[in-house]
Amino acid sequence: MTPEVTEILGSPAAPSTERRTRLARLNIKPLDFTLPKALEATEPPEARGKARDEIKLLVSFRSDNHVEHAAFRDLPRYLNAGDVLVINTSGTMPAALNVHRADGRLLELHLSTHLPGDLWTVEARLPGESAEKGTKPFFDSVQGETLALPGGGLATLHIPYRQDRTIPEPAPARLWIASLSLPLALPEYLAAYGFPIRYGYVKHSWPISYYQNVYATEVGSAEMPSSGRAFTPALLDALRARKVEIAPLILHCGVASLEDHEPPYEEYYRVP
């Protein structure tokens, strides 16, 4: 942040209520943007007969503030020898599971972030009224309850995960800290029973291969690190031919459905 903005906002570690007050002074509304329905990405470009790198690319120039409209496969034209392209090589897990509560009610459990002590941040969601409607948040989970997972697995919800400690404890919890008891190692279990997390704007289910970047090396993201989806092997070769440096790191992305302007939560990362 610039010194001027830091003076107004204070330290990033400042209590969230204090920061919200200072944000109000800047007249900034979090996520204040409405995406027209016609511009939502409801399906991968392959469904429309296009290659991954045929999506649109908007290029902004710092020198004079002008922008250009291009295709993503044109990226090598805008980078020069010695430029560094940082990529996240985390792969996407089939992190959604169909689960049942003790009363038999069906929910969808999303594994978000693997925590120390073999715990997980998880989110329980209500299935939509039809297969096309995705899921919506579920706020009626109870501390200590155990959810029945497929194949004899169990998930126990221990305590609500609260990113913002200024929120009163009785407030509804969307994310929980949970432990899993699985009959198989996690990768094998998710391969057998899991499926990709999907929200209502994606109208149809797609195989997990559609949620993988071509350079993924280590599976661990609950949702796809999608900013790199448009890269293809040929495009990466073209960048290397221009002597663009490619620097890999790992960031295992958690669930991205931040309702009610929730602050970000911890995610695992590794920077070499």
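Rules behind the numbers
- Residues numbered from 1 in each chain as written.
- Predicted model: local features only at pLDDT ≥ 70, side-chain atom pairs only at ≥ 80, totals over all residues.
- Heavy atoms only, no water.
- Helix = DSSP H or I, 4+ residues; strand = E, 2+ residues; numbered from the N terminus.
- Contact = heavy atoms within 4.5 Å.
- Areas by Shrake-Rupley, 256 points an atom, 1.4 Å probe, with all protein chains shown as cover.
- pLDDT = per-residue confidence, 0-100.
- Phe/Tyr/Trp six-rings, centres within 6.5 Å; stacked < 30°, edge-to-face > 60°.
- Buried < 20%, exposed > 50% of the residue type's maximum accessible area, 1.4 Å probe, protein only.
- Arc of directions from axis to C-beta.
- Pairing = 2+ DSSP bridges.
- Patch = residues over 30% accessible without salt bridge, like charges linked within 9 Å, V, L, I, M, F, W, Y side chains within 5 Å.
- Salt bridge = Lys/Arg side-chain N within 4 Å of Asp/Glu carboxyl O.

**A few points about the overall build of the chain**
Piece 1. Assigned secondary structure in the chain consists of four helices and 14 strands.
Piece 2. Contacts in the chain between residues far apart in sequence, at least 24 positions, make up 58% of those at least 6 positions apart.
Piece 3. With an accessible surface of roughly 16000 Å², the chain has 57% of that area assigned to carbon and sulfur atoms.

**Observations concerning the confidence of the model for the chain**
Piece 1. When pLDDT is averaged along the chain, the result is 85, and 81% of the positions lie at 70 or above.
Piece 2. Taking the mean pLDDT of every element in the chain, the minimum, 34, falls on helix α1 (residues 3-9) and the maximum, 98, on strand β9 (residues 146-148).
Piece 3. The low-confidence segment residues 1-15, where pLDDT is below 50, has 17 contacts with residues more than four positions distant or belonging to other chains.

**Regarding the packing of aromatic side chains**
Piece 1. Applying the stated criterion across every chain yields a total of six aromatic pairs.
Piece 2. Measuring from centroid to centroid gives 4.9 Å for Tyr189 and Tyr193, while their planes differ by 45°, and the two rings are tilted. Of this pair, Tyr189 and Tyr193 both sit in helix α3 (residues 186-193), four residues apart, which is roughly one turn of that helix.
Piece 3. For Tyr193, a relative accessible area of 34% puts it in the partly exposed group.

**Re helix α4 (residues 233-241)**
Piece 1. Turning to α4, its buried residues are Leu235, Leu236 and Leu239. With its buried residues spanning 100° around the axis, α4 presents them on a single face. For α4, exposure combined with an orientation more than 90 degrees from the buried face picks out Pro233, Ala234 and Ala241.
Piece 2. The inward-facing, buried residues of α4 abut β3 (84-88) and β13 (245-251).

**Quick look at the pairing of strand β7 (residues 119-127)**
Piece 1. The buried fraction of β7 amounts to seven of the nine residues, a majority that puts the element mostly inside the structure.
Piece 2. Sheet topology note: the strand β6 (residues 106-115)/β7 ladder contains seven bridges and is antiparallel. Across the sheet, residue Thr113 finds its bridge partner in β7, namely Thr121.
Piece 3. Connecting the antiparallel pair β6 and β7 is a turn made up of three residues, with Gly117 showing a positive phi of about 75°.
Piece 4. Sheet analysis places β7 next to strand β11 (residues 175-181), joined by five bridges and oriented antiparallel. What sits directly across from Glu123, in β11, is Leu175.
Piece 5. Pairing of β7 with strand β8 (residues 135-137) involves three bridges; the strand directions are antiparallel. What sits directly across from Leu126, in β8, is Lys136.

**What to know about a nonpolar patch on the surface**
Piece 1. Taken together, Phe33, Leu35 and Leu39 make up a surface patch of nonpolar side chains, about 360 Å² in accessible area.
Piece 2. Residue placement: Phe33 occurs in the loop between α2 (16-26) and β1 (56-60).
Piece 3. In this structure Phe33 comes out as exposed when scored by relative accessible area, which is 65%.

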